[in-house]
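If you want the building blocks of each chain, they are given just below.
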Amino acid sequence: MALIPSQVLRVAILLSYFSILCHYKAVDMPAHQTYGGSWKFLPFIDLVIQAVFFGVCVLTDLSSLLTRGGDSREQERQLRKLIGLRDWMMAVLAFPVGVFVVTMFWALYLYDRDLVYPRLLDNFIPQWLNHGMHTTVLPFIIIEMRTTRHWYPSRPCGVAAVCCFGVGYVLWMCWVHQVTGVWVYPLLERIGPLARVLFFSGLTVLLSVYYVLGEILNNYIWDQRYTGTTPKMHNSSSLYFIWDQRYTGTTPKIHNSSSLYFIWDQRYTDTHI
């Protein structure tokens, strides 16, 4: 089986998200004409998050390619910012929201599809588009985690950011209901006020659980990969030695040890499948 560079995979995934978004926006559904349009639905918001995230990944790959072998501290600084944004989006938005959409949608769909995806929608949304919105998100994000190591923020900060997103979406749904008198999802019409509070609280808690799960899974994948293969580096001189052994003649100028660790991470965390 031919190896596929992770950079090529990201471009392919990004293009697939663009295609799904374009086809979804072209669907002439009554719900798209009401207050909030497509933006009141979490699966659509998730599609936008995933498209932006993989766009940042592709931009990071291009920037890394263009700056490779250079000695500009400013370019290095900008690249580090891009990588920081990429990793933050993966940790706080792309993984927890993506996994939440897939698991919650299919759990409710299998229990009673009319709670979340009424049969009437089959007249507007083809099956392939439904799976593009509610299924392929999960394997795509797992592929990204499998091919590139992402550095998570501290757990309290990460969980707080995920909770802010969850609370923000709950407030948005409540505002849409306040304006239109209709809940975004049929499920919310069938349950009482107390059950809605519990549901909204559970939504936020589940997002936090998926954040922690993503952090654990990311660490497990990369700790397993490095165990027995990557030497322990207690100081920058050890890393300089390894870098020199593998990149003799092409090493960029390094101004400090943190820059060196950053470049090492860039070259050794992108893999192939």
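You'll find the structure just up there.
None of the values given here were measured: they were computed from a predicted structure.

### Focus on the overall build of the protein chain
For the protein chain, the helix and strand inventory stands at eleven helices and zero strands. Each helix and strand of the protein chain, placed in order from N terminus to C terminus, yields the pattern α-α-α-α-α-α-α-α-α-α-α. Taking all 273 residues of the protein chain together, 45% fall into the buried category. Expressed as a percentage of contacts within the protein chain between residues at least 6 apart in sequence, the contacts between residues at least 24 apart total 78%. For the protein chain, the exposed surface amounts to about 14,000 Å²; the carbon and sulfur share of it is 67%.

### What to know about the environment of Thr60
Note that Thr60 resides in helix α3 (residues 42-67). Distance from Thr60 to Gly84, taken between C-alpha atoms, is 10.0 Å for residues 24 residues apart in sequence.

### A closer look at a nonpolar patch on the surface
On the surface, a cluster of nonpolar side chains totalling about 280 Å² of accessible area is made up of Val11, Leu15 and Phe18. With respect to the element layout, Phe18 can be found in helix α1 (residues 6-26). Using a relative accessible area of 43% as the deciding quantity, one classes Phe18 as partly exposed.

### Thoughts on the packing of aromatic side chains
Tallied over the full model, the rule gives 15 aromatic pairs. With centroids separated by 6.4 Å and ring planes inclined at 65 degrees, the aromatic side chains of Phe41 and Tyr185 adopt a geometry described as edge-to-face. Of this pair, Phe41 sits in the loop between α2 (30-33) and α3 while Tyr185 sits in the loop between α7 (155-180) and α8 (186-190); the two residues are 144 residues apart in sequence, bridging distant segments of the chain. Classification of Tyr185 as buried rests on a relative accessible area of 15%. Grouped by ring-pair contacts, the aromatic residues Tyr17, Phe53, Phe54 and Phe140 constitute a single cluster.

### Description of the side chain of Asn218
Along the polypeptide, Asn218 turns up in helix α9 (residues 193-226). Not counting residues up to four positions away in its chain, the partners in contact with Asn218 are Met145, Thr148, Arg149, His150 and Tyr152.

### Brief notes about the layout of surface pockets
What the largest pocket holds in volume is close to 780 Å³. Phe41, Val116, Val184, Tyr185 and Pro186 are, among the 39 residues lining the largest pocket, the residues nearest its centre. Where the lining of the largest pocket is concerned, the elements lending two or more residues are α2, α3, α4 (73-112), α5 (127-134), α7, α8 and α9. In terms of residue class, the lining of the largest pocket is made up of 35 nonpolar, three polar and one charged.

Cut-off values and rules
Residues numbered from 1 in each chain as written. Predicted model: local features only at pLDDT ≥ 70, side-chain atom pairs only at ≥ 80, totals over all residues. Heavy atoms only, no water. Helix = DSSP H or I, 4+ residues; strand = E, 2+ residues; numbered from the N terminus. Buried < 20%, exposed > 50% of the residue type's maximum accessible area, 1.4 Å probe, protein only. Contact = heavy atoms within 4.5 Å. Areas by Shrake-Rupley, 256 points an atom, 1.4 Å probe, with all protein chains shown as cover. Patch = residues over 30% accessible without salt bridge, like charges linked within 9 Å, V, L, I, M, F, W, Y side chains within 5 Å. Salt bridge = Lys/Arg side-chain N within 4 Å of Asp/Glu carboxyl O. Phe/Tyr/Trp six-rings, centres within 6.5 Å; stacked < 30°, edge-to-face > 60°. 1 Å grid on protein atoms, 1.4 Å probe; cavity = no way out; pocket = protein on both sides within 12 Å on 5 of 7 lines; lining within 4 Å. Points joined across faces, edges and corners; volume = space filled by probe spheres on them. Nonpolar A, V, L, I, M, F, W, Y, C, P; charged D, E, K, R; others polar.

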